[in-house]
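Remarks on the overall topology
Chain residues, written in single-letter form:
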Amino acid sequence: MDPIPTKQNNQTMQEKIPLLVLLGGGGFYQETCFLLRQLGDGFDLTLIYPKGSLKPENPPPGKLVTMREFSGRGKSGFKGKLIDALSLIPMIFDGINLIRATKPAGVICIASSISIPLLIAAKITKKDGYFIESITRVDDLSITSRIVRLLNLSTFFYVQWPELAKKYPGSIYSGSVISA
Amino acid sequence: MIFVTVGTTHFDSLIIEIDKLAEAGMIKSKIICQIGSGEYLPKHCEYFRMKRSIDSYIQTASLVISHGGATVLALLANRTKFVAIANTDLPGDHQTFFLARIAQDSNILWSRNVKDVGKLITISETQPPAHLNALPLGIDLRRTIQQRFNKN
């Protein structure tokens, strides 16, 4: 089978690597934008934002798509958690459908709780899942990160501070989304 | 123009301190405050609660005074001059941990005491914008993605 022509094979044809990227909200959205800037060119991006949220203003270059989010938001206690758990299944299906449609080389998520169903979808479809803990988590992991790690949902688990990598063996520290 | 931002929650103690400094003439520039869900309405500054994007305010401000949340990342990434105050009005002290850690690898001006904001504004006048001394995560991520893609 002929190799896929890439720069590395010293062939002239340039193939952009397709990636599925979760944009998240608030600070996670910002961190994802910084990361995509660092990633640079050479990627064909499909960017996911939560259905029901405002379409991002000035998003990074790429195709924008939506995905359902946890329905229990704003509802406290056991009822809220139960609704969240039940909404996980349609979210996983959304993720699987997006992966089948875009055929990405991998799925990238920074910190958002929507990472969980998306990474489950990546695992089911045998795609690489890249999970990155938020830079704001200095001394300990978030609940989302703990779940991702406990259930081994990601292929690669990044943290953005070296002391977190020491505290959680198996996690990778290779810098942050903010650099000099 | 000095822009003050407290994020999506409230940070009344910071807004009150800024308002006091403005009233006393300690801050001479025009001040615009983004006050979030705060109860205190400043009398000597323009203000608004939330906007879809505060980028235009950040870009045109000569100085940004920010809570210690995710906004600090954008300010560092864009090399904007800023002073950060950890919001201890909120439960937990997450922002103090975050700012203290950032300060180890950068030259940010910050405090967990709102009474320090006047002093930090003065210091900022002669300091260059802060930056974070860290490797870019995206470089290693790019390499990993490319290697795995080419292997397949």
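Residues numbered from 1 in each chain as written. Chains lettered and ligands numbered in written order. Predicted model: local features only at pLDDT ≥ 70, side-chain atom pairs only at ≥ 80, totals over all residues. Heavy atoms only, no water.

Inspection of the secondary structure puts E31 of chain A in helix α1 (residues 26–39). Setting aside chain neighbours within four positions, we find E31 of chain A in contact with I110, E133, S134, I135, T136, Q160 and V177 of chain A together with L73 of chain B. (Helix = DSSP H or I, 4+ residues; strand = E, 2+ residues; numbered from the N terminus. Contact = heavy atoms within 4.5 Å.)

Here the focus is the interface of chain B and chain A. Facing 34 residues of chain B, the contacting portion of chain A comprises 45 residues. At the boundary of chain B with chain A, total buried surface from both sides reaches about 3400 Å², with 66% on carbon and sulfur atoms. Where chain B touches chain A, the interface holds 2 salt bridges. For the salt bridge of E163 of chain A with R101 of chain B, the shortest nitrogen-to-oxygen distance reads 2.3 Å. At the boundary of chain B with chain A, the tally comes to 9 residue pairs in polar contact (both at pLDDT 80 or more). Secondary-structure elements contributing two or more residues to the side of chain B that touches chain A are α3 (71–77), α4 (94–104) and α6 (137–151) of chain B. Per-element accounting of the side of chain B that touches chain A gives the leading share, 12 residues, to α6 of chain B. For the side of chain B that touches chain A, the per-class residue count stands at 17 nonpolar, 10 polar and 7 charged. (Buried area = accessible area lost by both parts, 1.4 Å probe. Salt bridge = Lys/Arg side-chain N within 4 Å of Asp/Glu carboxyl O. Polar contact = N/O pair within 3.5 Å; in protein donor to acceptor, adjacent residues only side chain to side chain. Nonpolar A, V, L, I, M, F, W, Y, C, P; charged D, E, K, R; others polar.)

The subject of this paragraph is the sheet that holds strand β6 (residues 156–158) of chain A. Adjacent strands of a sheet pair through backbone hydrogen bonds, lying either parallel or antiparallel. All names here are of chain A. The 6 strands are arranged β3-β2-β1-β4-β5-β6 in an open sheet whose pairing can be described as parallel. Edge positions in the open sheet fall to β3 (63–67) and β6, since each of these has one partner strand only. Mean inter-strand twist for the sheet, computed between neighbouring axes without regard to direction, equals 20 degrees. Summarising the sheet, strand β1 (residues 17–22) and strand β4 (residues 106–110) pair through 3 bridges and their orientation is parallel. The residue bridging L20 from the neighbouring strand is V107, located in β4. Seen against the sheet, helix α2 (residues 77–102) touches β1, β2 (43–50), β3 and β4 and runs at an angle of roughly 155 degrees to β3. (Pairing = 2+ DSSP bridges. Axes fitted to C-alpha atoms, helices over the stretch in contact; angles between N-to-C directions.)

As a further point, take the pattern of salt bridges. Residue and element names in this part refer to chain B. For the structure shown, the criterion picks out 11 salt bridges over all chains. Between K30 and E46 there is a salt bridge whose closest N-O contact spans 3.3 Å. Of the two residues, K30 is situated in the loop between α1 (12–23) and β2 (31–34) and E46 in strand β3 (residues 46–48); the sequence distance between them amounts to 16 residues. A relative accessible area of 47% places K30 in the partly exposed class. A relative accessible area of 44% places E46 in the partly exposed class. Here D93 ties to R112 by a salt bridge, and the two come within 2.8 Å at their closest N and O atoms. With D93 in the loop between β5 (82–85) and α4 and R112 in the loop between β6 (109–111) and α5 (117–124), this pair connects stretches of sequence that are 19 residues apart. (Buried < 20%, exposed > 50% of the residue type's maximum accessible area, 1.4 Å probe, protein only.)

Note that Q34 of chain B resides in strand β2. At a separation of 2.7 Å, a polar atom in the side chain of Q34 of chain B contacts the side chain of T5 of chain B.

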